[in-house]
Amino acid sequence: MNPAIDLLDVFFQRENRKIISNFSLRIDYGEICVLLGRSGCGKTTVLKLINRLLEPARGEIRVDGRSTKEWDPIQLKRHIGYVIQEVGLFPHMTVGANLGLLLKLERWEAERIDQRVKELLEMIGLEPQQFGKRYPSELSGGQRQRVGVARALALDPPILLMDEPFGALDPLTRQEIQAEFLALQGRLKKTVVLVTHDLREALLLGTRIVLLREGRIAALGTPQELLSSRDVEIMQYLKPLRDVHVL
Amino acid sequence: MELAEFLLENRAEVTRLIGQHVSLVLLSTVLACAVGIPAGLVMTRSHWFEKAGLGFANVVQTIPSLALFGFLIPVPAIGGIGARTAIVAMVLYALLPIVRNTYAGIRGVEESVLEAGRGLGLTPSQLMWHIQIPLSLDVIMAGVRVAAITSVGVATIAAAIGAGGLGMYIFRGVASVNSTLILAGAVPAALMALMVDFALGRLEVHLRRHKRS
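Here the focus is the interface of chain B and chain A. Tallying the contact residues gives 20 residues for chain B and 26 residues for chain A. Carbon and sulfur atoms make up 70% of the area that chain B and chain A hide from each other, which totals about 2,000 Å². Its salt-bridge partner being Lys48(A), residue Glu115(B) comes within 3.2 Å of it at the nearest N-O pair. At the surface where chain B touches chain A, the tally comes to five residue pairs in polar contact (both at pLDDT 80 or more). Secondary-structure elements contributing two or more residues to the side of chain B that touches chain A are helix H6 (111-120) and helix H7 (124-158) of chain B. At eight residues, the largest contribution of residues to the side of chain B that touches chain A is made by H6(B). When grouped by side-chain class, the residues that make up the side of chain B that touches chain A number seven nonpolar, nine polar and four charged.

Below, the structure is given as structure tokens:
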């Protein structure tokens, strides 16, 4: 079987500076693949290459076995959910309209849109009658982030890309939403690629963790494999967490 | 109150001149919107048009209004004496604030909102119609407001080239050193500018609701 996402020897550069080089990674259906690394290591670039917000200089990216160059760029993006840290809800639209916009653009009937929006709100634990009519400015940070995830899932895409999705939340809300997300993923079984610099989040959410350094894969494995690794670089990255545990 | 007496005695003529004034302002502002808003939108998409458009609108703005009317009179087709020339000049004047604000409004839409839209798979024109334009309406309206207020002022000068309007009283008053006559033109024009400012200002505030996320 084809992997869900296949990156083959991908290069990406900006203004003659290499951001990603020799990057190859297979991501299977149903896994939560976490791209972990410091700011500027190229992890967000990898996400944007997958849904073609950016084009690689060299190499190939396949989604569902097909090169992203062969995909219609709009169809590709609608096939892949996308969640960013700032959420980017459309401030002039109600929550319901935010969730329903893509469905409207896909020419769904009004009744079916209403039904789907209701489903999506229930899925993220927000009461449809009450929250459907609210504006993003009337939501808490955690609620906004939930709506962002629901919006990305509106067309039920098999793949979900998440760029530091919980990074802007306070620690308590973050833990809450992380747990909710895991429960949701248990039911939906999406293929998720999640970017974070937070090791704790990576260990909690990832079925596999890819440690990135300067645009290359420095290490790759399950959380257990990473934790028991004797590799110097990995140990350095894990050190802050270990120290916390000792306390 | 000589002024009140004058206005009352000549109310038929005053009403006619106010009517002319309003038509001049309305027509030129609407035309300027019809040209300026699309131009501002195109400028956010094309780098060449961005420079050319802002440059043109800026240059027009630096020409004194009386001189602009003068320049236009000898121009065939759009020139001559009368309301048509005045409207062309007023449209040219109204363009800058409308073009500039449309451009700035679209450019000012938060990057994270655009990024989310692009990532969800909105086409560039869907992004424009569903996100960028609705989110810039208040800024665009602010430009229209400035254009309309300016037009009320410029329209008084239009009387100099035979376009009518409240400027008739002002020019007549200046020529005959009659301050009542000057005020009969100036006071209604000033009130009109204040009313336009208030009404469009309210509209702008209304459009700004729910804008911040």
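Now for the packing of helix H1 (residues 2-9) of chain B against helix H9 (residues 179-208) of chain B. Residues and elements named next belong to chain B. Their axes nearest at 9 Å, the elements H1 and H9 cross at an angle of 70°. The angle between the axes of H1 and H9 places the two elements in the roughly perpendicular class. Contacts between H1 and H9 pair Glu2, Leu3, Phe6 and Leu7 from the former with Thr180, Leu181, Leu183, Ala184 and Val187 from the latter. Across the contact of H1 with H9, the residue classes break down as seven nonpolar, one polar and one charged.

With that out of the way, let us pick up helix H4 (residues 65-72) of chain B. Residue and element names in this part refer to chain B. Residues Ser65, Leu68, Phe69 and Leu72 constitute the buried set of H4. Axial view of H4: buried residues confined to an arc of 100°, hence all on one face. Turned more than 90 degrees off the buried face of H4, the exposed positions are Leu66 and Phe71. At its buried positions, H4 is contacted by helix H3 (47-62), helix H5 (83-107) and H7.

A negative phi holds for most residues other than glycine; trans holds for most peptide bonds. Backbone geometry places Asn22(A), a non-glycine residue, at a positive phi of 50°. Here Asn22(A) lies in strand E2 (residues 17-27). Overall, the relative accessible area of 44% leaves Asn22(A) in the partly exposed class. With a phi angle near 45°, Val177(B) is a residue other than glycine that sits in the positive phi range. Summarising the element assignment, Val177(B) is placed in the loop between helix H8 (167-175) and H9.

Looking now at the sheet that holds strand E1 (residues 5-14) of chain A. All names here are of chain A. Across the sheet, four strands lie side by side as E2-E1-E4-E5; this open sheet has antiparallel pairing. Looking at strand neighbours, the two that pair on one side only are E2 and strand E5 (66-67), the edges of this open sheet. Across seven bridges, E1 lies against E2 in antiparallel orientation. The partner of Gln13 across the bridge, within E2, is Lys18.

What follows deals with the state of the cysteines. Working definition of a disulfide: a covalent bond connecting the sulfur atoms of two cysteines. All names here are of chain A. As enumerated under the stated definition, the model contains zero disulfides over all chains in all. Not engaged in a disulfide, the cysteine Cys33 finds its nearest cysteine sulfur in Cys41; these two sulfurs lie 13 Å apart. With relative accessibility at 0%, the residue Cys33 sits in the buried group.

The subject of this paragraph is a nonpolar patch on the surface. Together, Leu183(B), Val187(B), Leu191(B), Leu194(B) and Met195(B) give the surface a local cluster of nonpolar side chains, amounting to about 470 Å² of exposed area. Inspection of the secondary structure puts Leu191(B) in helix H9.

Moving on, we come to the sheet that holds strand E3 (residues 32-36) of chain A. Residue and element names in this part refer to chain A. Pairing within the open sheet is mixed, and its six strands lie in the order E6-E7-E8-E3-E9-E10. Edge positions in the sheet fall to strand E6 (80-84) and strand E10 (216-221), since each of these pairs with one other strand and no more. Taken over all neighbouring pairs, the strand axes of this sheet differ in orientation by 15° on average, direction set aside. With five bridges joining them, E6 and strand E7 (residues 159-163) adopt parallel strand pairing. Each residue of the ladder has a partner; that of Ile84, found in E7, is Asp163. Set on the sheet, helix H6 (residues 141-152) makes contact with E6 and E7; between it and E6 the angle comes to about 165°.

What follows concerns the side chain of Glu201(A). Residues and elements named next belong to chain A. Position of Glu201 among the secondary structure elements: in helix H8 (residues 199-205). Although buried, Glu201 forms no salt bridge, and the nearest oppositely charged side chain, Arg174, lies 5.2 Å from it. Leave out the neighbours within four places in its chain, and Glu201 touches Phe166, Arg174, Gln178, Leu194, Thr196 and Gly206.

In this section: the confidence of the model for chain B. Averaged over all residues, the pLDDT of chain B equals 91, while 98% of them reach at least 70. Two numbers describe this predicted complex: its pTM, 0.86, and its ipTM, 0.88.

Conventions used here
All residue numbers refer to position in the chain's written sequence, counted from 1. Here chains are named by letter from A upward and ligands by number from 1 upward, in the order in which they appear as written. Per-residue local features of the predicted model are confined to residues with pLDDT of at least 70, and side-chain atom pairs are confined, for both listing and counting, to 80 or more; whole-chain, interface and lining totals are unaffected and use all residues. Heavy atoms from the whole structure form the basis of all side-chain values; hydrogens and water molecules are not counted. Whether two residues are in contact is decided by their heavy atoms: any pair within 4.5 Å suffices. As used here, buried area is the combined drop in accessible area, with a 1.4 Å probe, of two parts when they are placed together. One speaks of a salt bridge when a side-chain nitrogen belonging to Lys or Arg is within 4 Å of a carboxyl oxygen belonging to Asp or Glu. Contacts described as polar in this section are N or O atom pairs within 3.5 Å, which, within protein, must combine one atom able to donate a hydrogen with one able to accept it, while residues neighboring in sequence count only if both atoms come from side chains. Segments assigned H or I by DSSP are reported as helices when at least four residues long, segments assigned E as strands when at least two residues long, and all are numbered from the N terminus. Only Asp, Glu, Lys and Arg are considered charged in this grouping, and only Ala, Val, Leu, Ile, Met, Phe, Trp, Tyr, Cys and Pro are considered nonpolar; every other residue, Gly among them, is considered polar. Fitting a line to C-alpha atoms yields each axis, with helices limited to the stretch in contact; the angle taken between N-to-C directions then spans 0 to 180 degrees. Every angle not falling under 35 degrees, over 145, or within 65 to 115 is termed oblique; those three ranges are roughly parallel, roughly antiparallel and roughly perpendicular. Summary of the burial criterion: residues with accessible area below 20% of their type's maximum are buried, those above 50% are exposed, and those between are partly exposed, where the area comes from a 1.4 Å probe applied to protein chains only. Think of the arc as the fan of directions from the helix axis to the C-beta atoms. Strands are treated as partners if at least two bridges between them are detected by DSSP. The term disulfide is used for any two cysteine sulfur atoms that are within 2.5 Å. Every patch collects residues that have over 30% relative accessible area and no salt bridge, joining them within 9 Å if they carry like charges and within 5 Å if they are nonpolar side chains (Val, Leu, Ile, Met, Phe, Trp, Tyr). Working definition of accessibility: Shrake-Rupley area with a 1.4 Å probe, residue cover restricted to the visible protein chains. In summary, the charge assignment counts Lys and Arg as positive and Asp and Glu as negative, without counting His or the chain termini. Here pLDDT means the predictor's own confidence in every residue, given as a number from 0 to 100.

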